[in-house]
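In case you want the letters, here they are:
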Amino acid sequence: MSQKIILSGMQPTNNLHLGNYLGALKNWVNLQKEGAKCLYSVVDLHAITLPQDPDSLRRSTREITAAYIAAGVDPERSIIFPQSAVAGHSQLMWLLATMTQVGKLNRMTQFKDKSGKNAEKSGLGLYAYPVLMAADILIYKATHVPVGEDQKQHLELAREIASTFNHRYGEEFFVPPEPYIMGEATRVMSLRDGTQKMSKSDPSDMSRITLVDSADTIAKKIRKAKTDTEPLPETIEGLKERPEAQNLVAIYAALLDRTSEDILNEIAGKQFSEFKPMLVDVAIAHLEPITKRMAELMGDVSEIDTILRQGAEKANALANPVVKDAMELMGFLNVSQK
Ligand code: TYM
């Protein structure tokens, strides 16, 4: 089989939270060990689908890069780059937009969630966002895309767009990418409400643990996390209808790279008053070194900027020929050719 090509990205908006980390970033780090080509982008063009303050965007772009590196993405092995530094993403997006049915975009749940009751007033970029995401992936002919469960629908659309292009131009040019939704915490839920996804946009900071939280803050958030009054069950079945318990067990399991089932064997019968301190210890032991390394990296951003510049060079070298070939297939005249 040909080489696996892994691509994924995160938006530089606010701080990353435990959902971003366990649903995606932690898996990115593990995937580097498989010998695949890995590209991890800071998707700044996606961030501006909602208004961003320019200084905050610059800071977040560096901070997310710092989080990637601190969590274990190795710039020697993986290509880390800002999406906006590879013009081909936007270029390919336009080409793909012409073959994306609006009916399909209308079904995207993320657009519905983000635009809320004000869909008529939201920007075209927010609506077209999944097409840019398809371009991000297809431009590298990525075979696998490690993401949390909430991105599954966007990936399905990327697969469809690839097939439409291939069908229209009579060649297996783009590779329909496979989602890689891995681990025990593919959908981390809010600490305040186990039926809501942990998210950057939740108004309550207590709903999420972020990668910049201090050990004390992590402990406080876990202590105050919503739970029920039952002791922890012996089986996964026993977690059904108990979303908060299920979430905390999944987080604990994912942090330790174990399964919820395995964890329940150890903690069945315990009250939350016993389990929460265990979770606090594991979360702090895991996250504190990442937070510290991030702070060090942010102390001198020149290293981050160098990594992003070198990553962008490598990404451009891969992306540009693909855009050129796609345009040729589509019938654009290449006037720069002798
Ligand atoms: P973003 O920035 O919202 O989230 C980054 C990653 O974190 C995952 N994630 C979660 N996983 C588990 N539980 C949660 N509560 C949770 N919240 C977020 C997301 O699934 C994602 O993997 N559209 C993407 C960014 C993107 C992208 C791409 C991803 C743009 N182009 C190309 C992959 C490939 C997004 O908004 O992610």
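Just above sits the structure.
Here's a quick rundown of the structure. Keep in mind that this is a model prediction, so the values were computed, not measured. (Residues numbered from 1 in each chain as written. Predicted model: local features only at pLDDT ≥ 70, side-chain atom pairs only at ≥ 80, totals over all residues. Heavy atoms only, no water.)

This paragraph deals with the packing of helix α3 (residues 54-71) against helix α13 (residues 301-330). Packing of α3 against α13 leaves a shortest axis separation of 10 Å and a crossing angle of 85°. The angle between α3 and α13 places the two elements in the roughly perpendicular class. Between α3, through Arg62, Thr65, Ala66 and Ile69, and α13, the contact on the second element is made entirely by Val301, Ile304, Asp305, Ile307 and Leu308. Tallied by class, residues from the contact of α3 with α13 come to six nonpolar, one polar and two charged. (Axes fitted to C-alpha atoms, helices over the stretch in contact; angles between N-to-C directions. Helix = DSSP H or I, 4+ residues; strand = E, 2+ residues; numbered from the N terminus. Parallel < 35°, antiparallel > 145°, perpendicular 65-115°, else oblique. Contact = heavy atoms within 4.5 Å. Nonpolar A, V, L, I, M, F, W, Y, C, P; charged D, E, K, R; others polar.)

Around the ligand, the structure places 27 residues, and the nearest of them are Gln11, Tyr129, Asp136, Asp150 and Val188. At 2.4 Å from an oxygen atom of the ligand is found a side-chain nitrogen or oxygen belonging to Tyr129. Between the ligand and Gly148 there is a distance of 2.8 Å, counted from an oxygen atom to a backbone nitrogen or oxygen. At the level of elements, β1 (5-10), α1 (18-31) and α7 (124-138) are the ones that each hand at least two residues to the shell around the ligand. Classifying every residue of the shell around the ligand by side-chain character gives 12 nonpolar, 11 polar and four charged. (Near = heavy atom within 4 Å. Polar contact = N/O pair within 3.5 Å; in protein donor to acceptor, adjacent residues only side chain to side chain.)

One pass over the full model with this rule turns up 19 salt bridges. Via salt bridges that share partners, Asp205, Arg208, Asp213 and Lys221 belong to a single interconnected network. (Salt bridge = Lys/Arg side-chain N within 4 Å of Asp/Glu carboxyl O.)

This part covers helix α4 (residues 88-97). Residues of α4 that are buried include every one of Gly88, His89, Leu92, Met93, Leu95 and Leu96, and no others. Along the axis of α4, the buried positions cluster into a sector of 165°, meaning they face one direction only. Buried residues belonging to α4 abut β3 (78-82), α7, α8 (152-169) and α13. (Buried < 20%, exposed > 50% of the residue type's maximum accessible area, 1.4 Å probe, protein only. Arc of directions from axis to C-beta.)

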